[in-house]
Amino acid sequence: MTLSGEFETQCYERTGLTLARSPVLLNEMTHIPLLLTTLAYLLSLGSYLRFLYTGREFTGRLGTLLLALGVVAHYFALMGRARGLHTVPYHDLYGSMSLFGWLLAVIYLALELYHRQRSVGAFVLPFILVFFLAAHLAPADRLAPPPAHGLAFVFHVTLSILAYAAFALSFVFSLIFLAEARLLRNRTLGTVVWRLPSLELLDRMSQSSVLIGVVSITIGTVLGFVWVDRLTGQYSFYDSKYVITLFVLLLYIVYFWLARSAAWRGTRASKLCIFNFVIVVLSFTVVNLYISHSHRYF
Amino acid sequence: MASGMEIVLVGLNHRTAPVEVRERVSFTTEQAQRAAEELRARGILEETLVLSTCNRSEVYGVPPESSHECAPGLSSFLSEFHSVRPDVLRGSLYHHYDRDAVRHLFRVSAGLDSMLLGEAEILGQVREAYRFAHEHGATGPVLNRLFQGALEVGKRVRTETELGTRPMSVASAGVKLAERIFGKLHERSALVLGAGAISEQVVEQLRSRGIAHLFVMNRSRERAESLAQRFGGKVVPWGEWETALNGPDVVVASISAEEPVLQRELLARAMATRGNRALLLMDLGLPRNIEAAAADLYNVYIYNVDDLTDIVQQNRNARESEIPRAEAVVEEHVAKFLSWQASVELVGLVEELRSKLRSERGAFLSSRLETMNHLAAADIRRIESLMDDLLEKLLLQPAERLRGERELRRKIQSVEALRDLFLHDKEKS
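Residues numbered from 1 in each chain as written. Chains lettered and ligands numbered in written order. Predicted model: local features only at pLDDT ≥ 70, side-chain atom pairs only at ≥ 80, totals over all residues.

J.: A description of the overall build of chain B should follow, citing residues and the corresponding values.
T.: Helices and strands together make up the secondary structure of chain B, namely 17 helices and 10 strands. For chain B, buried positions account for 38% of its 429 residues. Pairs at least 24 residues apart make up 73% of the contacts formed inside chain B by residues separated by at least 6 positions. (Helix = DSSP H or I, 4+ residues; strand = E, 2+ residues; numbered from the N terminus. Buried ≥ 20, exposed ≤ 12 C-beta atoms within 10 Å, placed from the backbone. Contact = placed C-beta atoms within 7 Å.)

J.: Tell me about the overall build of chain A, and please be specific about residues and values.
T.: What chain A contains, in helices and strands, is 9 helices and 0 strands. Taken from the N to the C terminus, the helices and strands of chain A come in the order α-α-α-α-α-α-α-α-α. Evaluated residue by residue, chain A yields a buried proportion of 43% over its 298 residues. In chain A, of all internal contacts separated by at least 6 residues, the share reaching a separation of at least 24 is 82%.

J.: So what's going on with the sheet that holds strand β3 (residues 56–62) of chain B? Which residues, and what values?
T.: What links the strands of a sheet is backbone hydrogen bonding, and the strands pair in either a parallel or an antiparallel sense. Residues and elements named next belong to chain B. Ordered by their spatial adjacency, 4 strands build an open sheet running β2-β3-β1-β4, and the pairing between neighbours is antiparallel. Among the strands making up the open sheet, the edge pair consists of β2 (47–52) and β4 (94–97). Here the average twist between neighbouring strands, direction ignored, is 15 degrees. Note that β2 and β3 share 6 bridges and pair antiparallel. Its bridge partner lying in β3, Thr48 is registered against Gly61. Helix-sheet contacts for helix α2 (residues 29–41) involve β2 and β3, and the interaxial angle to β2 is about 150 degrees. Against the sheet, helix α5 (residues 98–110) engages β1 (8–13), β3 and β4, with an angle of about 110 degrees to β4. (Pairing = 2+ DSSP bridges. Axes fitted to C-alpha atoms, helices over the stretch in contact; angles between N-to-C directions.)

J.: Break down helix α7 (residues 141–160) of chain B for me, with residues and values.
T.: Residue and element names in this part refer to chain B. For α7, which comprises 20 residues, the first-to-last C-alpha distance of 28 Å matches the rise-based estimate of 28 Å (1.5 Å per residue) to within 8%. Restricting attention to buried positions, one finds in α7 the residues Val142, Leu143, Leu146, Phe147, Ala150, Val153, Gly154, Val157 and Arg158. The buried side chains of α7 occupy one side of the element, clustering within an arc of 125 degrees when seen end-on. Those residues of α7 that are buried are in contact with β2, β3, α5, α6 (121–135) and α14 (323–369). (Expected span 1.5 Å × (residues − 1). Arc of directions from axis to C-beta.)

J.: Tell me about the sheet that holds strand β8 (residues 250–253) of chain B, and name the residues and values.
T.: Residue and element names in this part refer to chain B. Strand order in the open sheet formed by 6 strands is β7-β6-β5-β8-β9-β10, and the pairing between neighbours is parallel. The two strands at the open ends of the sheet, each matched to only one other strand, are β7 (234–235) and β10 (300–304). The pairing of strand β5 (residues 189–193) with strand β6 (residues 213–217) spans 5 bridges and is classified as parallel. Pairing of Leu191 across the sheet is with Phe215, part of β6. Strands β9 (279–283) and β10 of the sheet are contacted by helix α13 (residues 305–321), whose axis makes an angle of about 75 degrees with β10.

J.: Provide a residue-level description of the interface of chain B and chain A, including the pertinent values.
T.: Residue-level contacts link 21 residues of chain B with 19 residues of chain A. Elements that contribute at least two residues to the side of chain B that touches chain A include exactly α7, α8 (170–182), β10 and α13 of chain B. Looking at the side of chain B that touches chain A element by element, the count peaks at 4 residues for α8 of chain B. Residues that form the side of chain B that touches chain A fall into these classes: 7 nonpolar, 6 polar and 8 charged. (Nonpolar A, V, L, I, M, F, W, Y, C, P; charged D, E, K, R; others polar.)

J.: Pulling in residues and values, what's your account of unusual backbone geometry?
T.: Residue and element names in this part refer to chain B. That bond from Leu286 to Pro287 is cis: its omega, -5 degrees, falls within 30 degrees of zero. Despite not being glycine, Ser83 has its phi angle at roughly 55 degrees, a positive value. Take Ser83: it is sitting in the loop between α3 (67–81) and α4 (86–90). According to the C-beta neighbour criterion, Ser83 is exposed, with 8 such atoms within 10 Å.

J.: Outline the environment of Met271 of chain B, supporting the account with residue identities and numerical values.
T.: Assignment of secondary structure puts Met271 of chain B in helix α12 (residues 264–273). Not counting residues within four places of it along the chain, the set of residues in contact with Met271 of chain B comprises Asn276, Leu279, Leu297, Tyr298, Asn299 and Val300 of chain B.

J.: Break down the nonpolar core for me, citing the residues and quoting the values.
T.: Among the nonpolar cores identified, the biggest contains 124 residues, and Leu104, Ala165 and Leu169 of chain A together with Val252 of chain B are the most heavily contacted of them. Here this core gets 18 residues from one element, more than from any other, and that element is helix α6 (residues 151–185) of chain A. Residues contacting Leu104 of chain A, with those up to four places away along its chain left out, are Phe127, Ile128, Phe131, Ala165, Ala168 and Leu169 of chain A. Within the second largest apolar cluster, 53 residues are counted, among which are Phe27, Cys70, Ile122 and Val329 of chain B. (Core = buried A, V, L, I, M, F, W, Y, C linked by C-beta atoms within 7 Å.)

J.: How would you sum up the confidence of the model for chain B? Please name residues and give values.
T.: Here chain B averages 87 in pLDDT, and 92% of its residues register 70 or above. Note on the complex model: pTM 0.70, ipTM 0.77. (pLDDT = per-residue confidence, 0-100.)

J.: Which residues make up the packing of helix α5 (residues 121–137) of chain A against α6 of chain A, and what are the values?
T.: Residues and elements named next belong to chain A. Contact geometry for α5 and α6: axes closest at 10 Å, N-to-C directions at 140 degrees. For the element pair α5 / α6, the angle class is oblique. Crossing hand, α5 versus α6: right-handed. Across the interface between the two elements, Phe123, Val124 and Phe127 from α5 touch Ala168, Leu169, Val172 and Ile176 from α6. Split by residue class, the contact of α5 with α6 holds 7 nonpolar, no polar and no charged. (Parallel < 35°, antiparallel > 145°, perpendicular 65-115°, else oblique. Left-handed = near helix turned anticlockwise from the far one by under 90°.)

J.: Please give an account of the packing of α6 of chain B against α7 of chain B that cites residues and values.
T.: A packed helix pair is summarised by two numbers, namely the angle formed by the two axes and the spacing between the axes. All names here are of chain B. α7 packs onto α6 with a crossing angle of 160 degrees between their chain directions and a minimal axis gap of 10 Å. In terms of their interaxial angle, α6 and α7 are classed as roughly antiparallel. At the point where α6 passes α7, the crossing takes the left-handed sense. In contact with Leu123, Val126, Arg127, Tyr130 and His134 of α6, α7 contributes Asn144, Phe147, Ala150, Leu151 and Gly154. Looking at the contact of α6 with α7, its residues break down into 6 nonpolar, 3 polar and 1 charged.

J.: Would you mind going over the environment of Ala295 of chain B in detail, with residue names and values included?
T.: All names here are of chain B. Looking at where Ala295 falls in the secondary structure, it is placed in the loop between β9 and β10. Its 18 C-beta neighbours within 10 Å are what place Ala295 among the partly exposed residues. Setting aside residues no more than four positions away along its own chain, Ala295 makes contact with Val300 and Ile302.

J.: Explain the environment of Asp310 of chain B to me, and be specific about the residues and the numbers.
T.: Within the element layout of this structure, Asp310 of chain B appears in helix α13. Through-space distance from the C-alpha of Asp310 of chain B to that of Val170 of chain B is 9.1 Å; in sequence the pair is 140 residues apart.

J.: Before we move on, can you summarise the confidence of the model for chain A with the specific residues and values?
T.: Residue and element names in this part refer to chain A. Of all residues in chain A, 78% attain a pLDDT of 70 or more, and the chain-wide mean is 80. Looking at the elements of chain A, mean pLDDT is at its lowest for helix α1 (residues 3–15), recorded as 44, and at its highest for α6, recorded as 90. For residues 1–5, every residue scores under 50 in pLDDT, and the model assigns this stretch 3 contacts once sequence neighbours within four places are set aside. Per-residue pLDDT stays below 50 along residues 7–26; that stretch engages in 30 contacts with residues further than four places along the chain or on separate chains.

Here it is in structure tokens:
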């Protein structure tokens with residue numbers, strides 16, 4: 001048996017969990033929140049787009065309100081499903097992706113209120129919607145889930161997903177920054193540029209979300225080690241996921257440091273932020289699905 | 001329309017009068033107060049408000065009688081008050097009544113009647129004029145409602161349309177661009193090359209947007225010091241480029257020079273010294289003061305006078321495209337105001353009708369009862385009571401509908417026609 005195989009066996013023996021629960025589609029329990037969430041996010045996206053196009057303050061506020069409603073409905077969708085499966089929301093791929101979308105929405109909403117800036121909502125909402133809908137449409141999971149027990153595990157997973165959501169947000173801000181900077185440098189200002197946040201604010205928003213991500217992933221990773229230690233008695237268990245997570249953490253710390261220096265602030269920092277997120281996506285997909293033995297969804 | 005509800009407006013503005021005339025009939029705050037008091041004391045107007053800005057002088061009022069009859073008196077008053085011959089004002093004054101006066105004020109408040117389309121200052125000036133008149137007791141229910149509506153229109157137009165959001169001059173476009181890059185300018189610094197009229201406009205805009213530090217560089221130190229002194233800046237000696245370009249986030253160049261004074265090489269060195277911190281260069285000189293090749297330097301944004309003029313033109317087009325939306329807001333509020341005005345009048349009309357019917361009932365009963373001596377006093381009281389009940393029943397439904405249904409009030413185009421129809425005899429008498 002491979003090391004990872006031993007790890008899984010130990011996990012299941014300790015928790016008494018031998019098989020994944022059947023990924024029952026709990027339509028009855030999640031149907032209404034699902035529809036409400038989709039509707040609220042779609043309407044919010046429509047309002048944000050209209051705000052970007054017309055500049056009407058009312059439509060921007062409506063977008064925020066609908067996003068907040070979507071967040072509440074999304075929460076009930078997650079909780080309804082978790083209750084139905086008698087487990088945590090991130091028990092499987094569905095929950096993991098859906099939680100990612102929810103945390104993305106929560107962080108964006110917090111940043112929007114903090115920075116008093118609504119014009120990027122139209123760019124963030126599609127990501128939230130895609131993750132929410134993709135999660136719902138994802139195929140049923142046939143693999144055994146990890147033993148999802150204990151507070152350390154709960155916080156480990158939640159904080160890790162929160163960090164990835166924050167990094168995704170900084171990626172969106174960096175993309176907008178590069179596009180706006182390009183338009184400004186080429187002197188091809190259209191209507192939209194006047195409504196977007198200033199480059200300086202986009203830079204700050206990106207740094208704010210990276211800060212959230214770095215703090216979350218640091219605490220989340222430490223809690224992950226604590227959980228493994230409690231579960232297996234092995235503190236220094238090796239997995240490729242650890243390596244890439246530490247690498248991601250290092251990359252974002254470097255970004256955070258460089259983005260505050262005059263020479264890197266702006267375009268270069270934004271490019272680095274985009275590169276970092278590519279590594280995050282690799283960690284989330286290739287590493288989780290094909291290389292790591294202890295992580296699949298986060 | 002009933003007396004005490006009509007609105008009259010007499011005034012002139014930048015479209016109808018040259019500055020030589022406008023300056024002669026403008027009102028200081030004290031003059032506005034005195035004019036309002038005199039107009040009411042002489043019985044020309046019951047409610048008065050004077051709106052005086054650099055582009056317009058307007059008197060709004062509610063006359064005791066017909067608004068059309070009061071207008072000539074108002075024109076004469078203006079001419080007398082400012083000691084201007086009537087023939088000087090004759091071609092410049094405009095008169096608006098009721099619906100047109102309401103629409104005019106709402107358009108003024110929205111910035112649709114301004115010299116610079118959508119300018120923001122006018123709303124503050126309308127608010128201030130109203131506050132002043134209200135505090136001095138010059139306004140009453142009609143003008144209070146009218147000016148509250150005007151302020152609401154101004155606010156709505158500015159939040160719901162983009163009529164006033166975009167810069168309309170080269171200087172303000174440049175400063176707005178700086179805000180696109182650097183956000184708020186409170187912690188930023190600017191270097192102005194040149195001390196001419198264009199530089200002054202830009203400096204004024206930068207100061208109004210809260211730029212933290214201002215440096216002026218000019219061949220003539222004396223002129224540089226004069227500009228710096230007026231706007232709280234510092235002078236940098238001409239030619240000290242390394243020092244001058246190290247600090248600022250924005251550089252505005254507007255000097256007369258045959259060759260660009262800011263060459264690419266010089267700027268490349270400056271960018272290296274400043275650690276490639278972002279730099280916005282506004283080249284407002286002709287010939288250009290900044291070498292165009294510098295545009296490829298990292299974190300450098302260059303805009304020349306043509307680029308900024310293009311932005312202003314785009315913004316002007318964008319503002320003009322917002323006019324229909326702003327006009328729609330104006331019309332909505334004009335209808336709302338007229339509906340309120342009609343409701344007040346119609347309720348008054350119903351009261352008058354009730355009074356007339358009661359009086360008719362009294363006369364009718366008196367004449368009929370003369371031939372019915374067999375009726376006891378209690379019977380007569382009973383008949384009077386029944387007839388009163390009937391009258392109330394007949395009036396109740398229309399009165400309630402007039403109070404509650406805005407659409408119905410809108411349909412009733414002329415309250416005067418109704419008054420003529422039902423109260424004709426009374427008015428004749």
